[in-house]
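If you want the building blocks of each chain, they are given just below.
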Amino acid sequence: MKRLIITGDIIIGDPCEMVCTEEDWQLCEWGEHMEKLGINNYLYIDFKDEAQKIVDNNKNILGTFCTDSSAIVIMKLDDLLNYNKTFNQHIVFPENWTIIRKFKGTITSEFINDRCVIKGYGNICFFNI
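All values reported here derive from a predicted model rather than from experimental measurement.

> Quick question: what am I supposed to make of the sheet that holds strand β6 (residues 98-112) here?
Pairing between sheet strands relies on hydrogen bonds along the backbone, with the strands arranged either parallel or antiparallel. In space, the eight strands of this open sheet follow the order β2-β5-β1-β6-β7-β8-β3-β4, with antiparallel pairing throughout. Across the chains shown, the open sheet's two edge strands, defined by having one partner strand only, are β2 (42-46) and β4 (61-65). Between one strand axis and the next, the sheet turns by 30° as a mean value, whatever way the strands run. As paired strands, strand β1 (residues 2-13) and β6 are joined by ten bridges and run antiparallel to one another. Following the sheet pairing, K2 is matched in β6 by S109.

> Help me understand the environment of V117 in this model?
By the element assignment, V117 lies in strand β7 (residues 115-122). C-alpha separation for the pair V117 and N128, spaced eleven residues apart in sequence, amounts to 6.4 Å. In this structure, V117 is in contact with T108, S109, E110, I112 and N128, ignoring residues within four places of it in sequence.

> Would you mind going over the nonpolar core with me for this structure?
Nonpolar side chains tend toward joint burial in soluble globular proteins. Counting 19 residues, the largest nonpolar core has I11, M18, M34, M75 and L80 as its most contacted members. Only β2, β5 (71-76) and α2 (77-83) provide two or more residues apiece to this core. Excluding its chain neighbours within four sequence positions, the residues that come into contact with I11 are M18, V73, I74, M75, L77, L80, F87, H90, W97, T98 and I99. By size, the runner-up hydrophobic cluster in this structure holds 17 residues, among which are I54, I107, I118 and F126.

> I'm lost on the pairing of β6 in this one. Help?
Successive residues of a regular strand alternate their side chains across the two faces of the sheet. With eight bridges joining them, β6 and β7 adopt antiparallel strand pairing. For S109, the partnering residue across the bridge sits in β7 and is I118. Joining the antiparallel neighbours β6 and β7 is a turn of two residues, in which N113 adopts a positive phi near 50°.

> Is there a simple way to think about the side chain of T108 in this case?
Relative to the helices and strands, T108 is located in strand β6. For T108, the residues in contact, after removing those within four places along its chain, are M1, K2, R3, L43, V117, I118, K119 and Y121.

> For this particular structure, what's the right way to read the pairing of strand β3 (residues 52-56)?
Counting buried positions along β3 yields four of five residues, so the element is predominantly enclosed. Connecting β3 to the antiparallel partner β4 that follows it, the hairpin turn spans four residues, and K59 within it adopts a positive phi of roughly 65°. Where β3 lies against strand β8 (residues 126-128), three bridges are found, and the strand directions are antiparallel. Counterpart to I54 in the pairing with β8 is N128.

> So what exactly am I meant to see when it comes to a nonpolar patch on the surface here?
On the surface, I91, V92 and F93 cluster together to form a nonpolar patch covering roughly 290 Å² of accessible area. Mapped onto the fold, I91 is located in helix α3 (residues 89-92). In this structure I91 comes out as exposed when scored by relative accessible area, which is 61%.

What counts and how
- Along each chain, numbering runs from 1 in the same order as the chain's sequence is written.
- Confidence filtering applies because this is a predicted model: local features only for residues at pLDDT of at least 70, side-chain atom pairs given and counted only at 80 or more, and all residues used for totals across whole chains, interfaces and linings.
- Note that water and hydrogens are dropped before the side-chain values are worked out from all heavy atoms of the structure.
- Strands are labelled as partners when DSSP assigns at least two bridges between them.
- Where helices and strands are cited, they refer to DSSP runs of H or I of at least four residues and of E of at least two residues respectively, numbered from the N terminus.
- The angle between two axes is taken between their N-to-C directions and runs from 0 to 180 degrees, where each axis is a line fitted to C-alpha atoms and a helix contributes only its stretch in contact.
- Contacts are assigned to residue pairs that have any heavy atoms within 4.5 Å of one another.
- Definition used in this section: a nonpolar core is a set of buried Ala, Val, Leu, Ile, Met, Phe, Trp, Tyr and Cys residues joined via side-chain atoms within 4.5 Å.
- Only protein chains enter the area calculation, which uses a 1.4 Å probe; residues under 20% of their type maximum are buried, those over 50% are exposed, and those in between are partly exposed.
- Distance thresholds for patches are 9 Å for like charges and 5 Å for nonpolar side chains (Val, Leu, Ile, Met, Phe, Trp, Tyr), applied to residues having over 30% relative accessible area and no salt bridge.
- Areas reported here follow the Shrake-Rupley algorithm with a probe of radius 1.4 Å; residue values treat only the protein chains shown as occluding.
- Counted as salt bridges are all cases of a side-chain nitrogen of Lys or Arg within 4 Å of a carboxyl oxygen of Asp or Glu.

Have a look at this one:
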């Protein structure tokens, strides 16, 4: 099980769309080492499932995400915007990204029966379906 403790607005999505250049994509080893881009608090997940929804405990949809690179990362939106000042994909294509505002808590990911399960525990509880 992987675990991330985080506070702030978070973003869930494909790291290949987050990086500025092809060189950065290779430098961070295809999203697995975002710290090489100055982003130190993140969760990298090999994710081969189809597009997903993030829902709260009442099954209200908080957002959706998809991946072209078979990976997703979860990090603070501010950290992403500090690295990539021109990033606007969450505005242009909101269906490809989940933004959870003012999250404070822990996010976990684990594989159960070959399915990646992401869960957020804190002031906003969520999971993927």
